[in-house]
Amino acid sequence: MRLVCFLKERKRHPGRLCAGCVCIALSLVLSACGSLVKTYTGTDLLMGTVLSMKVESGDGDPWEELTSMGQDLETRELSWRIEASEVGRINASAGDPEGLELSPEMEEILTQCLAVSEESGGAFDITLGALTQLWDLDRAALKMQEAGSSADPEGFTYTPPSDEEVQAALARCGYERVRIEEHRIYLPEGMRIDLGAVGKGIFLGRAAEALQEAPISGTISAGGSILTLGNKNRSEPSEPWNIGIVDPTDPSQLAGAIPVPGGSFVSTSGDYERYVEADGVRYHHLLDPHTGYPVGVKRPASGGAEANFAVTIVCTDGLLSDALSTACFVIANDPARGPQQARELAERFGAQMYLVGADGIL
Ligand code: AMP
Ligand code: MG
């Protein structure tokens, strides 16, 4: 862009080089030498999790654009906690025979999510809103953390819902009962959409789109999802980014790192991310849509297994990386399905899955 203006100016006044052109030419040369490329960092809260950025940019600091885009995405489109957001309005329309008209963006999001639900045999389900609100684990985990860091560590106790409450909420869920026709959505009475499993991935997808023209390299992370941009090493373009993956058995440590090229979305789901403990049971935020309980949490009188693995997905689509990490976590930790089925699901969407557990990254 700057180069085009500079050349046009030269054509109009071949004998003259205005001061502005000199500046532009100088800045082009400096950019080419890399001396105008600066490092920018930022950290903030977004969608109840930590957003952070470290990039090298020859085009100014993208932080403000990113944070305001993220806040708009959360408040206008995705948050079920905000009545005026599009998801809030969809949920309020449940049971209405007229349904609700969808924005093209939301129709695309919901269609992609429902495809993952279908392909995962229901392990991933965006209609779990009644259940996630009943368990309320995001908020409980935050309260537990606050109590833990206050003078009174006993200040918060979590009471899990009764089995009757879980079954009643489960009866209000089920992606097969969502209808999208002629750009309208029809939700059955009582159903609630929760896009918590894909919000960070959608945000990173939009961040990648917004920055695709910019001369930029670095990483942006939102909770367990990371986007890599450009080349890690300008003089060695084939050198990959190494993304550190948290050890689920000791989240203060890394289990290892996964090498990925620029333009990758890396998303991890694990039971260590948000949870509360009560009576020796870890109630975490990843729910098994077939039981209504957190994955691996024993259902009264029905067996079950611990959630042994975290799961990392690498792919070239933000929403998909996030949806698949949640889906593959549920499948890999289901004793009736297991890691191989989870891996096959990821591959059907052109993604790679890594299992992260006591044996490292597999
Ligand atoms: P993530 O950390 O990306 O795996 O997403 C976790 C969030 O997704 C939870 O806090 C819930 O809001 C939602 N969620 C939990 N279990 C599921 C599931 N099986 N399918 C879809 N969304 C889920
Ligand atoms: Mg996810």
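Model, not experiment: these values are computed from the prediction.

Draft legend 1. Structural detail: the sheet that holds strand β14 (residues 352-357). Reading across the sheet, the eight strands line up as β1-β2-β6-β7-β10-β13-β14-β15 and stay open at both edges, with antiparallel pairing between neighbours. Each edge of the open sheet carries a strand with a single partner, namely β1 (38-46) and β15 (360-361). Pairing between strand β2 (residues 49-57) and strand β6 (residues 216-222): seven bridges, direction antiparallel. Bridge pairing in β6 places L51 opposite A222. On the sheet, helix α3 (residues 63-78) packs against β1, β2 and β6 and is oriented at approximately 20 degrees with respect to β1.

Draft legend 2. Broad picture of the packing of aromatic side chains. Overall, the coordinates contain three aromatic pairs when judged by the stated rule. Ring-pair connections join several aromatic residues into one group, and the members of that group are W135, Y158, Y283 and Y293. Taking the ring centre of Y186 as reference, the NZ or CZ of R179 above it sits at 4.4 Å.

Draft legend 3. Summary view of the site of ligand 1. Lining the immediate surroundings of ligand 1 are 19 residues, of which D125, D194, S269, L287 and T326 lie closest. Take D194: an N or O atom from its side chain is 2.8 Å from an oxygen atom of ligand 1. Interatomic distance of 3.0 Å between a side-chain N/O atom of D322 and an oxygen atom of ligand 1. Taken by itself ligand 1 offers 500 Å² of open surface, and the protein chains cover 96% of this. The element best represented in the shell around ligand 1 is helix α10 (residues 318-332), accounting for three residues. For the shell around ligand 1, the class distribution of residues is eight nonpolar, five polar and six charged.

Draft legend 4. The sheet that holds strand β5 (residues 184-186), seen in detail. Strand order in this open sheet of three strands is β3-β5-β4, and the pairing throughout is antiparallel. Two strands lie at the open edges of the sheet, namely β3 (100-101) and β4 (179-181), each paired on one side alone.

Draft legend 5. Expanded view of the side chain of T312. Tracing the sequence through the fold places T312 in strand β13 (residues 310-315). Given the relative accessible area of 0%, T312 is considered buried. Among the polar contacts listed, one links the side chain of T312 to the side chain of T268, at a separation of 2.9 Å. Not counting the four nearest positions on each side in its chain, T312 is found in contact with I245, I258, V266, S267, T268, Q352, M353, Y354 and V356.

Draft legend 6. Up close: the nonpolar core. In terms of nonpolar packing, the biggest core is built from 67 residues, with I90, M106, L195, F203 and I220 touching the most fellow members. Sorting elements by how many residues they give to this core places α10 first, with 10 residues. The contact partners of I220, leaving out residues within four places of it in the chain, are L51, S52, M53, L66, F203, L204, A207, L211, S225, I226, L227 and L229.

Draft legend 7. Broad picture of the packing of helix α9 (residues 199-210) against α10. Viewed as axis vectors pointing N to C, α9 and α10 meet at an angle of 160 degrees, and their least axial separation amounts to 7 Å. Classified by the angle between their axes, α9 and α10 sit roughly antiparallel to one another. Our pair here, α9 against α10, has a crossing hand that is right-handed. Counting all contacts with α9, which are made through G199, K200, G201, I202 and G205, the residues of α10 involved are G318, L319 and D322.

Draft legend 8. Just the coordination of the magnesium ion (ligand 2), in detail. Here the magnesium ion (ligand 2) is held by A197 (O), D322 (O), D322 (OD) and T326 (OG1), and the distances to it run 2.2 to 2.5 Å. The sequence motif formed by the donor residues of the magnesium ion (ligand 2) is A-x124-D-x3-T. With D322 and T326 both in helix α10 and four residues apart, the pair spans about one turn of that helix. Residue D322 is classed as buried on the basis of its relative accessible area of 4%.

Draft legend 9. Fine view of the pattern of salt bridges. Taken as a whole and assessed by the stated rule, the structure comprises nine salt bridges. Across the pair E239 and K232 runs a salt bridge whose closest N-O atoms are separated by 3.4 Å. Residue D271 pairs with R282 through a salt bridge whose shortest N-O separation is 3.5 Å. Here D271, found in the loop between β10 (265-269) and β11 (275-278), pairs with R282, found in strand β12 (residues 281-284); they are 11 residues apart in sequence, far enough to count as distant.

What counts and what doesn't
- Residues numbered from 1 in each chain as written.
- Chains lettered and ligands numbered in written order.
- Predicted model: local features only at pLDDT ≥ 70, side-chain atom pairs only at ≥ 80, totals over all residues.
- Heavy atoms only, no water.
- Pairing = 2+ DSSP bridges.
- Helix = DSSP H or I, 4+ residues; strand = E, 2+ residues; numbered from the N terminus.
- Contact = heavy atoms within 4.5 Å.
- Axes fitted to C-alpha atoms, helices over the stretch in contact; angles between N-to-C directions.
- Phe/Tyr/Trp six-rings, centres within 6.5 Å; stacked < 30°, edge-to-face > 60°.
- Lys NZ or Arg CZ within 6 Å of the ring centre and 35° of its normal.
- Near = heavy atom within 4 Å.
- Polar contact = N/O pair within 3.5 Å; in protein donor to acceptor, adjacent residues only side chain to side chain.
- Areas by Shrake-Rupley, 256 points an atom, 1.4 Å probe, with all protein chains shown as cover.
- Nonpolar A, V, L, I, M, F, W, Y, C, P; charged D, E, K, R; others polar.
- Buried < 20%, exposed > 50% of the residue type's maximum accessible area, 1.4 Å probe, protein only.
- Core = buried A, V, L, I, M, F, W, Y, C linked by side-chain atoms within 4.5 Å.
- Parallel < 35°, antiparallel > 145°, perpendicular 65-115°, else oblique.
- Left-handed = near helix turned anticlockwise from the far one by under 90°.
- Donors = N, O, S within 2.8 Å, 3.2 Å for Na, K, Ca; no water.
- Salt bridge = Lys/Arg side-chain N within 4 Å of Asp/Glu carboxyl O.

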